[in-house]
Amino acid sequence: MPDRTPYVAANWKMHKTAAEAARFVDALLPRIAATQNEVVICPSFLALAEVVERSRGSAVRVAAQNMHEAESGAFTGEVSAPMLVEAGVDAVILGHSERRQHFGETDEALARKVPAALAAGLEPILCVGETEEARDAGQTDGVLERQLQADLAGVDPGRLAGVVVAYEPIWAIGTGRTATLEQAREAIGFIRDTLRARGAAAEQVRILYGGSVKPANAGELMAQSEIDGALVGGASLDPGDFAAIVAAA
Ligand code: 13P
């Protein structure tokens, strides 16, 4: 099995102004100075430049939380991949369940966004995951397979290794209900198998778990060989907690 560098990302969602982001980065950097893991911070669009500037020369890389698939155009309120690249951004979260649920993000749009991000030199962090109803109905694998097939349809097999996938069961996001180790292992193993059908590069794809990750449960989750890291919401807002999760990876 290839070595996959552990990957820990902070999804701040709609939290932290640029000034608050600056204070967070200043508090985080000394705490993660020795890490060999990949550390990614995903602030709001308006705090991206501040986090890029403050984290220069450190292990931290910076991701946006969304982007439009077009390079430019009449799309009021949207931000494109070239704009993010020029701002020093390295990666972008795509298909987060909050965007799917509240903002009408579709698999059709994601099928265009993922290749557009790769073409621009951004690392897509593609989020997939099932609702509680789907899990209860035994449809978890079906949902994951549908999302992966649709969202990655336009990705050349040679580019697959440049994609990061985050398994985020919707019922575990912001609820304090973490998936059990077995549930996370099973779903992430299924995601890896589904990616294998797209080529050998599937072995290099980092697959993260997201959903109520905290310092107290991060170690056991990321000790599973199937789980390559974490996409952290609430617990990533505190530099001490986030640093503890980075150290647990
Ligand atoms: P929580 O860690 O707050 O459950 O959020 C998870 C998430 O949605 C990360 O993208």
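For every chain, the first residue of the written sequence is number 1, and numbering continues from 1 onward in sequence order. Under the rules for a predicted model, residues below a pLDDT of 70 receive no local features and side-chain atom pairs below 80 are neither given nor counted, while totals for whole chains, interfaces and linings still include all residues. Excluding hydrogens and water, the side-chain figures rest on all heavy atoms present in the structure.

### With respect to the sheet that holds strand β4 (residues 91-94)
Adjacent strands of a sheet form backbone hydrogen bonds with each other and so pair up, either parallel or antiparallel. For the record, the criterion: At least two DSSP bridges between two strands are needed for those strands to be called paired. Each helix is a run of H or I in the DSSP string that is no shorter than four residues. Each strand is a run of E no shorter than two, and both are numbered from the N terminus. A fitted line through C-alpha atoms represents every axis, and for helices the fit uses only the stretch in contact; the resulting angles, taken between N-to-C directions, go from 0 to 180 degrees. Contacts between residues were defined by any pair of non-hydrogen atoms, one from each residue, lying within 4.5 Å.
Spatially, eight strands are ordered β1-β2-β3-β4-β5-β6-β7-β8 in a closed barrel, and the strand pairing comes out parallel. With direction set aside, neighbouring strand axes in the sheet form an average angle of 25°. Where strand β2 (residues 38-42) lies against strand β3 (residues 60-64), three bridges are found, and the strand directions are parallel. Residue Val 39 lies in a different strand from β3, and its bridge partner there is Val 60. Lying on the sheet, helix α5 (residues 107-120) is in contact with β4 and β5 (123-128); it crosses β4 at an angle near 170°.

### Brief notes about the packing of aromatic side chains
For clarity, the threshold we go by: Stacked, edge-to-face and tilted labels apply to pairs of Phe, Tyr and Trp rings (six-membered ring for Trp) whose centres lie within 6.5 Å, assigned for plane angles under 30 degrees, over 60, and everything in between, in that order. Per-residue accessibility, obtained with a 1.4 Å probe over protein chains only, is compared with the maximum for each type, and a residue is labelled buried under 20%, exposed over 50%, and partly exposed between these values. Whether a charge lies above a ring is judged from NZ of Lys or CZ of Arg, which has to be within 6 Å of the ring centre and within 35 degrees of the ring normal.
In the structure shown here, the tally under the stated rule is three aromatic pairs. With centroids separated by 4.8 Å and ring planes inclined at 80°, the aromatic side chains of Trp 12 and Phe 24 adopt a geometry described as edge-to-face. Taken together, the positions of Trp 12 in the loop between β1 (7-11) and α1 (18-28) and Phe 24 in helix α1 put the pair twelve residues apart, joining distant regions of the chain. You can call Trp 12 buried: its relative accessible area is 0%. Both rings, one in Phe 24 and one in Phe 242, keep their centres 6.4 Å apart while their planes meet at 45°; by these two values the pair is tilted. With Phe 24 in helix α1 and Phe 242 in helix α10 (residues 239-248), this residue pair connects regions lying 218 residues apart in the sequence. Through a chain of ring-to-ring contacts, three or more aromatic side chains come together here, namely Trp 12, Phe 24 and Phe 242. The ring of Trp 12 carries the charged tip of Lys 16 above its face, separated from the ring centre by 5.4 Å. Sitting over the face of the ring of Phe 103, Arg 99 holds its NZ or CZ atom 4.4 Å from the ring centroid.

### Comments concerning empty space enclosed by the protein
Stated precisely, the cut-off is as follows: Think of a 1 Å grid over just the protein atoms. A cavity is a set of points where a 1.4 Å probe fits yet cannot get out, a pocket is an open set with protein on both sides within 12 Å along at least five of seven lines, and lining residues have an atom within 4 Å of a point. Grid points are joined across faces, edges and corners, and a volume is the space filled by probe spheres set on the points. Ten residue types, Ala, Val, Leu, Ile, Met, Phe, Trp, Tyr, Cys and Pro, are classed as nonpolar, four, Asp, Glu, Lys and Arg, as charged, and the remainder, Gly among them, as polar.
Within this structure, the stated rule accounts for one cavity of 30 Å³ or more. Estimated volume of the largest cavity: approximately 40 Å³. As for the largest cavity, its lining consists of Gly 95, His 96, Ser 97, Arg 100, Cys 127, Val 128, Gly 129, Gln 147, Glu 168 and Ile 170. Taken together, the residues of the lining of the largest cavity sort by class into three nonpolar, five polar and two charged.

### Thoughts on the site of the ligand
This is how it is decided: Put simply, a residue is near a molecule or strand once any heavy atom of it comes within 4 Å of that molecule or strand. Polar contacts, as counted here, are pairs of nitrogen or oxygen atoms within 3.5 Å of one another; within protein the pair requires one atom able to donate a hydrogen and one able to accept it, and residues that are adjacent in sequence qualify only if both atoms are side-chain atoms.
Surveying the vicinity of the ligand reveals the residues Asn 11, Lys 13, His 96, Glu 168, Ala 172, Ile 173, Gly 174, Gly 211, Ser 212, Leu 231, Gly 233 and Gly 234. The separation between an oxygen atom of the ligand and a polar main-chain atom of Ser 212 is 2.8 Å. At 2.9 Å, a backbone N or O of Gly 233 approaches an oxygen atom of the ligand.

### Details of the layout of surface pockets
Within this model, the largest pocket holds a volume of roughly 470 Å³. If you go around the largest pocket, you meet 19 residues; those closest to its centre are Lys 13, Gln 65, Asn 66, Arg 99 and Phe 103. Examining the composition of the lining of the largest pocket, we find that three residues originate from one element, helix α4 (residues 97-102), more than from any other. For the lining of the largest pocket, the class distribution of residues is seven nonpolar, eight polar and four charged.

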